[in-house]
Structures are given as C-alpha cells and as structure tokens.
Amino acid sequence: MICENCGCDYARCRPVCPECGTPAPGYEKWATDGKWAAPAPVEGEDVPPVLASWRTSVGWSIAGLLAGGYLVALACMAVAALLGAGLTAILLGVGAPLAQASPLIQFALCFGLLTGVLEYAVMIAYAVLFYPSYFTDRPRLRSSAVISFANCAFGGLVFGLLWNSNLTKRVKGVSAKVCAALYAVSLALFIVATPAALYFGNAHPQEFLQAWSQAYPQMADRGAERDVPPSNRPDASANEREADVPEASEPEPEAEADPAATDLAAAQETAAAAIAALPDNLTCVTETEVVVDGETRATAHVEVLRDDRDAVLYVETDGNEDDAMLTFFQGDENMVFQGDQFVSKGKGGLPEDSTGSEQALTLVGLAGQAYAYDHEGGVTEYVLVVEGSALPPDMSFEGVGSVDYVGLHYYLDADGALTELYTEVSGATPSAEGGEPVVLSADAWYSDLGATEVPPMPEGY
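These remarks concern the structure in this document. (Residues numbered from 1 in each chain as written. Predicted model: local features only at pLDDT ≥ 70, side-chain atom pairs only at ≥ 80, totals over all residues. Heavy atoms only, no water.)

### Some words on the overall build of the protein chain
So the rule is basically this: By definition, any uninterrupted DSSP run of H or I lasting at least four residues is a helix, any uninterrupted run of E lasting at least two residues is a strand, and each is numbered from the N terminus. Residue exposure (1.4 Å probe, protein chains only): buried if accessible area is under 20% of the type maximum, exposed if over 50%, otherwise partly exposed. Contacts between residues were defined by any pair of non-hydrogen atoms, one from each residue, lying within 4.5 Å. Under the convention used here, a 1.4 Å probe and the Shrake-Rupley method define accessible areas, while residue burial counts only the protein chains that appear.
Per the secondary structure count, the protein chain includes 10 helices and 11 strands. Counting all 461 residues of the protein chain, 40% fall into the buried class. In the protein chain, the proportion of contacts linking residues at least 24 apart, taken out of those at least 6 apart, comes to 58%. Surface accessibility of the protein chain: about 24,300 Å² in total, with carbon and sulfur atoms responsible for 57%.

### Some thoughts on helix H9 (residues 264-276)
Operational definition: A helix is expected to span 1.5 Å for every residue after the first. This arc describes the spread of directions from the helix axis toward the C-beta atoms.
Here H9 contains 13 residues, and its C-alpha end-to-end distance of 18 Å stays within 8% of the 18 Å for a straight helix at 1.5 Å per residue. All of the buried residues in H9 are Ala267, Gln268, Ala271, Ala274 and Ile275. The buried residues of H9 all sit within an arc of 135° when viewed along its axis, so they share a single face. Exposed side of H9, more than 90 degrees from the buried face: Glu269 and Ala276 are the residues found there.

### Things to note about the side chain of glutamine 268
Going by this rule: Polar contact criterion, stated in full: a pair of N or O atoms within 3.5 Å, where within protein one must be able to donate a hydrogen and the other to accept it, and residues adjacent in sequence count only if both atoms are side-chain atoms.
Along the chain, the position of glutamine 268 falls in helix H9. Looking at glutamine 268, the relative accessible area reads 18%, which means it is buried. A polar contact is formed between the side chain of glutamine 268 and the backbone oxygen of valine 364, at a distance of 2.8 Å. Excluding anything up to four places from it in sequence, glutamine 268 contacts Val364, Gly365, Leu366 and Ala367.

### With respect to the nonpolar core
Among soluble globular proteins, nonpolar side chains are generally buried collectively. We apply this condition: The criterion is simple. A nonpolar core is a set of buried Ala, Val, Leu, Ile, Met, Phe, Trp, Tyr and Cys residues joined through side-chain atoms within 4.5 Å.
In terms of nonpolar packing, the biggest core is built from 33 residues, with Leu384, Leu391, Phe397, Val406, Tyr410 and Leu418 touching the most fellow members. Of all the elements in the fold, those that place two or more residues in this core are H9, strand E1 (281-292), helix H10 (357-366), strand E8 (380-387), strand E9 (402-412), strand E10 (418-428) and strand E11 (437-447). It is E9 that contributes the most residues to this core, 5 residues altogether. Dropping the residues within four chain positions of it, leucine 384 is found in contact with Leu264, Ala267, Ala271, Val364, Ala367, Gln369, Ala370, Val406, Gly407, Leu408 and Tyr410. Core analysis: the second largest hydrophobic core is formed by 18 residues, Tyr134, Phe135, Ala150 and Leu167 among them.

### Focus on the sheet that holds E1
Put simply, the test is: Between any two strands, at least two bridges found by DSSP are needed for them to pair. A fitted line through C-alpha atoms serves as each axis, taken over the contacting stretch for helices, and the angle formed by two N-to-C directions is quoted from 0 to 180°.
With respect to topology, 11 strands assemble into an open sheet ordered E6-E5-E4-E3-E2-E1-E11-E10-E9-E8-E7, the strand pairing being antiparallel. At either end of the open sheet lies a strand with only one pairing partner, and these are strand E6 (341-347) and strand E7 (369-374). Direction aside, the axes of adjacent strands within the sheet are offset by 15° on average. Examined bridge by bridge, E9 and E10 share 10 bridges and lie antiparallel to one another. When the sheet's bridge partners are listed, tyrosine 405 is paired in E10 with serine 426. Of the strands in this sheet, E8, E9, E10 and E11 are in contact with H10, which crosses E9 at around 105°.

### Focus on the pattern of salt bridges
Condition: The salt bridge definition used is simple: a Lys or Arg side-chain nitrogen within 4 Å of an Asp or Glu carboxyl oxygen.
Evaluated as defined, the whole model comprises 3 salt bridges. The salt bridge involving arginine 297 is made with glutamate 436; its shortest N-O contact spans 4.0 Å. Of the two residues, arginine 297 is situated in strand E2 (residues 295-307) and glutamate 436 in the loop between E10 and E11; the sequence distance between them amounts to 139 residues. Measuring nitrogen to oxygen at the nearest pair gives 3.6 Å for the salt bridge that ties lysine 347 to glutamate 333. Of this pair, lysine 347 sits in strand E6 while glutamate 333 is found in strand E5 (residues 333-338), placing the two residues 14 residues apart along the sequence. According to the relative accessible area criterion, lysine 347 is exposed, its value standing at 68%.

### Some words on the pairing of E6
Bridge count for E5 against E6 is 6 bridges, and the pairing is antiparallel. From the neighbouring strand, valine 336 faces E6, where its bridge partner is serine 344. Linking two consecutive strands that pair antiparallel, namely E5 and E6, is a turn of 2 residues; a positive phi of about 65° is found at glycine 339 within it.

### Re the environment of glycine 69
Of note, glycine 69 is situated in helix H3 (residues 58-94). Judged by relative accessible area, which is 32%, glycine 69 ranks as partly exposed. Glycine 69 sits 50 residues away from glutamate 119 along the chain, and the two C-alpha atoms are 9.7 Å apart. Here glycine 69 is in contact with Gly64 and Ala153, once residues within four sequence places are set aside.

### A word on a negative patch on the surface
Condition: By definition, no residue in a patch forms a salt bridge, and every one has over 30% relative accessible area; like charges are joined within 9 Å, nonpolar side chains (Val, Leu, Ile, Met, Phe, Trp, Tyr) within 5 Å. Charge assignment in this entry is limited to Lys and Arg as positive and Asp and Glu as negative, and neither His nor the chain termini are counted. The atoms used to mark charge sites are NZ of Lys, CZ of Arg, CG of Asp and CD of Glu.
A contiguous patch of negative charge, built from Asp307, Asp308, Asp310 and Glu453, is present on the exposed surface. You can see aspartate 310 is positioned in strand E3 (residues 310-317). For aspartate 310, a relative accessible area of 33% gives the class partly exposed.

### Some details on the side chain of asparagine 164
Note that asparagine 164 resides in helix H5 (residues 144-169). The exposure class assigned to asparagine 164 is buried, which follows from its relative accessible area of 3%. Looking at asparagine 164, its side chain comes within polar contact range of the side chain of serine 61, at 3.1 Å. Within the structure, asparagine 164 has its side chain in polar contact with the side chain of asparagine 151 (distance 2.8 Å). Excluding anything up to four places from it in sequence, asparagine 164 contacts Trp54, Thr56, Ser61, Ile147, Ser148, Asn151 and Cys152.

Structural data, given as structure tokens:
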C-alpha cells in the first residue's frame, strides 16, 4: 500500500503509515466502531500472487517441522557422497596430509565436511532467495502447502512459523536477513574449525592406524594410560620390585634363607621356555626410563606390531610425540614417517631383537640367583639376578658404564605364557672416575600372541 502523504510503501494490514503516521484508507471507520480490516486493493494495484492466495497449511507446516529437516539433510548427504568420492580421489592422488589415512577413512572425512557445508549453504539460499520472492510478482514457489512445508523445513521451529505468520500478515520483515546471517556465521565457523580438528586429530600416521582398526588400541595416543598396566599384569610397583631383588653384591650368609628362593636351573628353564615360545606374530609395548642419581634423564616408548617379516615400529623419546618415528616394514622394504611427515622409503627389514627377547634369553643363562612369587589370577613372577661381573664384554646397556647387577622379572600367566618382562640394570654412568649411580629400567608387555594383525604399508609414497 502506498501512503498518500509521503509515498511510503507499507503492508496493507497496518492502520497507519509507519513513516508519517497518516491513517490508512478506512482507518476513520475503524476508529469509530473498533472494526477495521485492510481495504481491498484499489483498482490497478498489484498484489503478489502468493499473498493474494495465501493460506497457511497447518498439516504441511507440521510435516515440515517433523520431517522436512531430515529430508534436507538426506539430500545434502546424497550430493556430498558424490562430491566426497571425487575429492577423496584428488587427495589420494596429490598426497595431501589427510591422504595418509585409508581410502575409506579419507572418504568419511570428506563426506562429513561436505555434508555440513551443503546444509548450511541451502539454509542460507532459502532465506536469501526463496522467502523474499514470495512478496514479489515472481515467487519461486506458488503453492501455499509447498511454501508452508518449505518454510518449516528450512527455517525450523522459530523462523519457519514466523515466516508463515508474516505471509498471513503480508509483512516481510527482517527475519530472513537475521536467519541468513546466523547460518553464515555458523558456516564460517564450521569451515574453519572442522578441517583444523580433522588435521590435528588425524595428521599423525599412528593415529590413522587406530582409525583403521580398533583392534590396535596400543597404537593410539596412550596419554596417562601408559602408566596403567594391562589387566593381566599383577599390581606390583617399582618399589616392590626393588624389594624383591636382593642386593647381590652384599650377601648375608648368616641371614635366614629367603622363602622365595627357588631352584636356579628350574627357573632358568621355565623362563627360557617362555621366551622361546613367543611367536613371530605378537604385539610388544615397552617403556624405558634412565634414572641418574635419582633424577630421570631419558624416557622412551616403543611399540611393535609384528607378523614374521611384516611389522610396524613406533618410537617416541622423552614424551615428544611430534618427533616420534613410525616405520612400516614389509618384507625387505620399509617406509619411515617422523611426526606427520613422510621421511623415506627404502630397503631393510625389521631390526634384530626388536622386542628384546633375544637379549633376555642370553641373560637368563647368566643368572646366579632365582626367586619365584605367586600373584593373583594365577600369575607367577620369576626373578633372575645376574651379577655385573658375569656379563660378557660385548654386552652393554645404553647410559650404563659399569654394571653392578641385572634383575629380570618374568611374568607368566596361568598357561605359562610370557605376558610381561621387566628388566632393571643397576650400575654407574660411563666415566673415568666411576660415574654417578644409574638405573636403567625397561618394562615390556606382550599381547595378541598369534593374533596380531599388522596394518599394510601406506600407499601413495
């Protein structure tokens, strides 16, 4: 309706002009009898076709609220699946960081990102292009039922019902602009936050291994769980272990015999048999710590998934995950990553004694004392003590110059299978003056014996 005084174009449902306050035609009659309705269009005045025939469809509005959003999401997912397949192929072809994942995981990441972007985009498109057109001579939709459904499907409970009400009142308002602005801000945040979360959550190759199969929880970021022993490990702290190992260099011949002392030959035979029984297919997780004069100087976390000549080796030193080394071995070939960066691909198989079993087998034969302890769950601990003087000249331990003794703790389950091997080397640091007191400890857990599945070497490098 055009104001006769100022020329303002305002909704026909208003009794006065919102700009100058001039009463609308028929206002005087309303002021006297309290009944007023928007006057019929004057001859020659055009009314948008949607407004001329508009009548809110309650049934289709409810359908839009209940099912419309899901239909929009399914449509976006269908389009995203097609686009995601193409984007996945492109990323795998150019070797982008996310392409270090398997093709299935790569596609899932692209699919989720594209679905979110498309949903926000169609919501903005409807608020900007469709809803305003209903107040023009060229509406994009004409049916009141379809528009009622679309308003609630794209606008939701708040904007959908408001848009239907505005069409009834023939007032466009600013709700479409507000809706588009909110979705635009959400879309911008989604575009920025989602790729960042995907990159930082999946950029490390070892984390891709976890995504490939939940059967390898030890390949994930263990965090605080590294200090938590497996369920089959007896609850024995380092202090208890130190108490279990006698001071070999200071024997007490007059003291009463230790009831835990056992036949040395039998303990050696049992420990050697358990080591020899370890299959070529296993998982080994080792925590190493070097303590000099009571202060921790170095730590290392090593994980090995091995199946004969195929293996994955993960090495992290001093808790630095960003520089951790991840190496894939497949026959005589290997592929090396550092952090999230590809380093090299070349020849060379898994290093000898990657799980420490061969060195442990040698130490068993050098033991001079043996002890046995029974723990809950049918677990038996065998402690073998090796004097430093009994070690061969070619055997050395990193960070230890002269060795006083080596304590070996073998944990066997009820079936006699080796589940944990704790090694403690006590001595002094390398020095011409004798060095400082040093203790090197290495705790290895063996699991998935005969059931370890080694992930394949990544492709595209």
